[in-house]
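Read off the chains here:
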Amino acid sequence: MQGKLQQRYRVARELGQNSEFAGEFSLPQLPRLSTLVVKDDAEIRVRFEFTENRYQHPSIRGHIETRLQLECQRCLKPMSQSLDFDFDLLIDASDDDVQSFQTDTVWTDDGYLDVLEVVEDELILALPLISMHEDVSCHQHWQPDSLPEPDEGRNNPFAVLATLKGKPTEGG
Ligand SMILES: [Zn+2]
């Protein structure tokens, strides 16, 4: 049975029904992720189910798929990053359970799980630490073998300290 996508689910009820959910969230619904992208017009396709079968413990597992516009750290122009991955999380698990199942947990609020929040966290974790175009020549001044000039960074830090010390204190 496929249910309608919503933001919050009462976990105890969904576990008993074996429902699968699928649909799309839009990026503006995910404000933390939105600050990390160049354009917030992406659709985020999700599907997931609540189950106790895998760990004999309540869990949510599913799949997330989207294409985000990130800023290339080399040329600062937008680049397209597609993300497509499964997730599998315990619900309200103790530290011991997290340890023994080697799986992270999410937390409910009064028995309700905010799936939008879960999806947003998973997407933020899935983002590359440094996003760059595959083509290293995207920035005309950037060469893979170029190193900073040896003279850079040779300024004596103590010289700066000396200047600061010599300054008269402001105000009074
Ligand atoms: Zn680039």
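Summarised in this report is the structure supplied together with it.

A closer look at the coordination of the zinc ion
Part 1 of the reasoning: Protein ligation of the zinc ion involves Cys72 (SG), Cys75 (SG), His133 (ND1) and Cys138 (SG), the donor distances falling in the range 2.0 to 2.3 Å.
Part 2 of the reasoning: Around the zinc ion sit four donor atoms, and with donor-metal-donor angles ranging over 105 to 116° the site reads as tetrahedral.
Part 3 of the reasoning: Here the donor residues of the zinc ion are spaced in sequence according to C-x2-C-x57-H-x4-C. Pair noted here: Cys72 is in the loop between strand E5 (59-71) and strand E6 (78-91) and Cys138 is in the loop between helix H4 (115-126) and helix H5 (157-166), with a separation of 66 residues, a long-range link.

Overview of the nonpolar core
Part 1 of the reasoning: With 34 residues, the main nonpolar core has Phe50 and Ile60 as its most contacted residues.
Part 2 of the reasoning: Mapped onto this core, the elements with two or more residues apiece are helix H1 (11-17), strand E3 (20-26), strand E4 (43-51), E5, E6 and H4.
Part 3 of the reasoning: Counting residues per element, this core draws most heavily on E6, at six residues.

With respect to the pattern of salt bridges
Part 1 of the reasoning: Applying the stated criterion across every chain yields a total of seven salt bridges.
Part 2 of the reasoning: The partner of Arg13 in a salt bridge is Glu14, with the nearest N and O atoms 3.4 Å apart.
Part 3 of the reasoning: Between Arg32 and Asp121 there is a salt bridge, and its shortest N-O distance comes to 2.9 Å. On the criterion of sequence distance, the pair formed by Arg32 in helix H2 (residues 31-34) and Asp121 in helix H4 is long-range, its members being 89 residues apart.
Part 4 of the reasoning: Residue Arg32 is classed as partly exposed on the basis of its relative accessible area of 37%.
Part 5 of the reasoning: Because the salt bridges share partners, they merge into one network encompassing Arg32, Glu120 and Asp121.

Analysis parameters
- Residues numbered from 1 in each chain as written.
- Predicted model: local features only at pLDDT ≥ 70, side-chain atom pairs only at ≥ 80, totals over all residues.
- Heavy atoms only, no water.
- Donors = N, O, S within 2.8 Å, 3.2 Å for Na, K, Ca; no water.
- Tetrahedral: all angles 85-135°; square planar, octahedral: opposite > 155°, others 65-115°.
- Helix = DSSP H or I, 4+ residues; strand = E, 2+ residues; numbered from the N terminus.
- Core = buried A, V, L, I, M, F, W, Y, C linked by side-chain atoms within 4.5 Å.
- Buried < 20%, exposed > 50% of the residue type's maximum accessible area, 1.4 Å probe, protein only.
- Salt bridge = Lys/Arg side-chain N within 4 Å of Asp/Glu carboxyl O.

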